[in-house]
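# A closer look at the structure
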Amino acid sequence: MKRTTKRWRASVGAAVAGIGILAATALSAQAAGSTLHAAASDQGRYFGTAIAAGKLGDSQYTTIADREFGMITAENEMKMDATEPQQGQFNFSSGDRILDWATSHGKRVRGHALAWHSQQPGWMQNMSGSQLRQAMLNHVTQVATHYKGKVYAWDVVNEAYADGSSGARRDSNLQRTGNDWIEAAFRAARAADPNAKLCYNDYNTDNWSHAKTQGVYTMVKDFKARGVPIDCVGFQAHFNSGNPVPNNYHETLQHFADLGVDVQITELDIEGSGSSQAEQYQGVTQACLAVSRCTGITVWGVRDSDSWRASGTPLLFDGNGQKKAAYTSVLNVLNSGEGVPGGGDPDPGETTPPPTGGSGCTATYSEGQKWGDRFNGTVTVTANGNISSWTSTVTVSSSQRISATWNGTPTWDSSGKVMTMRPAGNGTLAAGQSTSFGFTVMHGGDWTWPKVTCSAS
Ligand code: XIL
């Protein structure tokens with residue numbers, strides 16, 4: 001099924017060469033995936049969700065989960081406190097229920113998580129030093145052995161890096177056993193289950209310019225250089241307005257992949273609603289598709305009401321099990337097969353081109369949807385004082401071309417690169433009022449933002 005993408009690309013090339021009829025027939029013969037996992041599988045990826053054992057009796061929940069997802073993570077049931085509630089006494093009952101449900105429905109399982117500073121059983125929280133190190137390694141060995149041959153991957157170590165600007169390890173009882181605790185855990189996991197992919201998993205590692213991202217990257221690079229067994233890096237991807245999807249997300253994923261590991265989006269949720277949430281989901285999906293070693297995406301729950309952050313409505317199905325706009329945007333991107341650079345909101349750490357003011361108005365550019373060959377942009381014209389009309393220019397780069405416009409009357413200069421937009425009707429704006437127009441840019445591989453100006457009369 002991976003051929004779908006290649007055939008599509010081939011058909012585009014052929015069409016450009018003027019021999020597109022046969023290839024176009026091949027394209028239309030390809031059925032689009034009608035579920036997330038089917039569409040992701042066509043791209044050689046998986047699409048998964050977190051499952052809670054306590055909800056396996058909810059038929060709406062299991063119906064959606066069975067229909068849409070092909071990779072299952074136990075939301076809590078394989079964690080340290082669940083699997084070793086008393087030292088040396090293991091309890092796999094809830095984890096096994098999830099594994100059995102998944103495998104009996106033809107799905108694979110991501111194991112989560114073998115070693116973590118959080119959700120430790122009480123007995124472990126009170127331990128330190130070599131006693132804790134031994135207990136942790138025994139836990140990794142016993143749990144990975146129990147699930148040997150049954151899981152696709154393990155999050156061997158979860159969240160070991162600190163937030164903020166240090167780029168250093170997080171302080172924890174495990175870290176205090178010695179800086180080599182992470183590699184010791186990976187070696188124990190490899191010995192117990194040689195066929196499971198072994199991942200390091202963390203959050204706030206999405207933005208390439210953040211110190212935490214760099215800290216994890218340096219560790220993975222070092223592990224690869226020294227032969228410490230690591231196969232993948234998981235990006236939890238819990239986003240909200242204070243922590244938006246960075247627009248360098250694909251770069252982050254690609255840099256890690258270039259180290260020779262798979263990358264996976266492991267716990268995706270994006271707080272919000274409507275088209276803004278849908279656009280951000282689209283950006284994350286595109287970023288994964290843009291990186292060939294991004295092997296799959298898992299969302300952290302089925303319906304909004306199942307989420308650990310339910311009040312933020314961060315998932316793809318609403319509380320009634322209905323598909324949200326975000327669902328449709330993810331499915332469409334998966335079916336288009338086109339990965340493009342970019343996440344959702346502009347990176348707060350990156351500079352936004354300053355608004356350019358003419359005499360009496362200001363024009364600001366904001367980016368819209370992105371596709372493989374084009375992107376949308378919006379220009380907002382704001383009147384500084386009362387104005388009776390305005391003119392705004394939009395200049396694109398030499399490889400870009402504006403292919404469509406709306407909410408304005410455009411004219412072009414002879415180069416075709418400078419568009420002058422005038423109001424479609426009455427251009428009167430009172431001081432502080434604004435209006436906007438939009439356009440589509442065929443980018444030709446150049447994602448640079450168009451330059452905009454404004455002048456008023
Ligand atoms: C969360 C679960 O969703 C909650 O039910 C639980 O109360 C706390 O943990 N990072 C992780 C996940 O790796 O295991 C966490 O899951 C969310 C943050």
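Reading guide: rules and limits
Residues numbered from 1 in each chain as written. Predicted model: local features only at pLDDT ≥ 70, side-chain atom pairs only at ≥ 80, totals over all residues. Heavy atoms only, no water. Helix = DSSP H or I, 4+ residues; strand = E, 2+ residues; numbered from the N terminus. Buried < 20%, exposed > 50% of the residue type's maximum accessible area, 1.4 Å probe, protein only. Contact = heavy atoms within 4.5 Å. Areas by Shrake-Rupley, 256 points an atom, 1.4 Å probe, with all protein chains shown as cover. pLDDT = per-residue confidence, 0-100. Polar contact = N/O pair within 3.5 Å; in protein donor to acceptor, adjacent residues only side chain to side chain. Salt bridge = Lys/Arg side-chain N within 4 Å of Asp/Glu carboxyl O. Disulfide = S-S within 2.5 Å. Core = buried A, V, L, I, M, F, W, Y, C linked by side-chain atoms within 4.5 Å. Near = heavy atom within 4 Å. Nonpolar A, V, L, I, M, F, W, Y, C, P; charged D, E, K, R; others polar. Expected span 1.5 Å × (residues − 1).

Secondary structure assignment for the protein chain yields 13 helices and 18 strands. Across the 457 residues that make up the protein chain, the buried fraction comes to 52%. Once local pairs closer than 6 in sequence are excluded, the contacts in the protein chain between residues at least 24 apart make up 75%. A total accessible area of about 18500 Å² is found for the protein chain, and carbon and sulfur atoms account for 50% of it.

Turning our eyes to something else, we now look at the confidence of the model for the protein chain. Across the protein chain, pLDDT averages 89, with 89% of residues at or above 70. Considering each helix and strand of the protein chain separately, the mean pLDDT is smallest for helix α1 (residues 3-16), with a value of 37, and largest for strand β4 (residues 153-158), with 99. When the criterion is pLDDT under 50, residues 1-29 qualifies, and its contacts beyond four places in sequence or with other chains add up to 22 contacts.

Glancing now at the side chain of Arg 169. Turning to its location among the elements, Arg 169 is positioned in the loop between β4 and α9 (181-192). Among the polar contacts made by the side chain of Arg 169, one reaches the side chain of Tyr 161 at a distance of 3.2 Å. Beyond its immediate stretch of four places on either side in the chain, Arg 169 contacts Ala 160, Tyr 161, Ala 162, Gln 175, Asn 179, Trp 181, Ile 182 and Met 219.

To continue, consider the pattern of salt bridges. Using the criterion set out here, one finds 19 salt bridges in the structure. Note that Glu 68 is salt-bridged to Arg 67, the shortest N-O span being 2.9 Å. A salt bridge links Asp 163 to Lys 212; the nearest nitrogen and oxygen atoms lie 2.7 Å apart. Placement of the pair is Asp 163 in the loop between β4 and α9 and Lys 212 in helix α10 (residues 211-226), with a sequence separation of 49 residues. A relative accessible area of 2% means that Lys 212 is categorised as buried. Each of Lys 55, Asp 58, Arg 303 and Asp 306 takes part in a single network of salt bridges with overlapping partners.

So, on to the state of the cysteines. For the coordinates displayed, the defined rule picks out three disulfides. Between the sulfur atoms of Cys 199 and its disulfide partner Cys 232 the distance amounts to 2.0 Å. As the torsion about the S-S bond is roughly -80 degrees, the Cys 199-Cys 232 disulfide counts as left-handed. Of this pair, Cys 199 sits in strand β5 (residues 197-202) while Cys 232 sits in strand β6 (residues 232-235); the two residues are 33 residues apart in sequence, bridging distant segments of the chain.

What follows covers the nonpolar core. Ranked by size, the top nonpolar core spans 95 residues in total, and within it Phe 47, Trp 154, Val 157, Phe 186, Tyr 249, Leu 268 and Leu 316 carry the most contacts. Of the residues forming this core, the biggest block, eight residues, is contributed by α9. In this structure, Tyr 365, Ala 383, Val 394 and Val 441 belong to the second largest nonpolar core, which totals 22 residues.

Moving on, we come to the site of the ligand. Close to the ligand lie 13 residues, the nearest being Glu 75, Lys 79, His 112, Asn 158 and Glu 267. Between the ligand and the protein, one listed contact pairs an oxygen atom with a side-chain N or O atom of Lys 79 at 2.7 Å. For the ligand, whose accessible area on its own is 410 Å², the fraction buried by protein is 78%. Considering only residue class, the shell around the ligand consists of three nonpolar, six polar and four charged.

A word on helix α13 (residues 325-336). Here α13 contains twelve residues, and its C-alpha end-to-end distance of 16 Å stays within 8% of the 16 Å for a straight helix at 1.5 Å per residue. For α13, every residue scored as buried is listed here: Ala 326, Tyr 327, Ser 329, Val 330, Leu 331, Val 333 and Leu 334. Backbone geometry just after α13 places Gly 337 at a positive phi near 70 degrees.

With omega at -5 degrees, the peptide bond leading from His 112 into Ala 113 counts as cis. For Asn 204, which is not glycine, the phi dihedral falls at a positive 55 degrees. Relative to the assigned elements, Asn 204 resides in the loop between β5 and α10. Notably, Asn 407 is not glycine yet its phi reads approximately 60 degrees, a positive angle. Under the relative-accessibility criterion, Asn 407 is labelled exposed at 53%.

What follows concerns the side chain of Glu 183. Here Glu 183 lies in helix α9. If we skip the residues at most four places from it in the chain, Glu 183 touches Phe 223, Arg 226 and Val 228.

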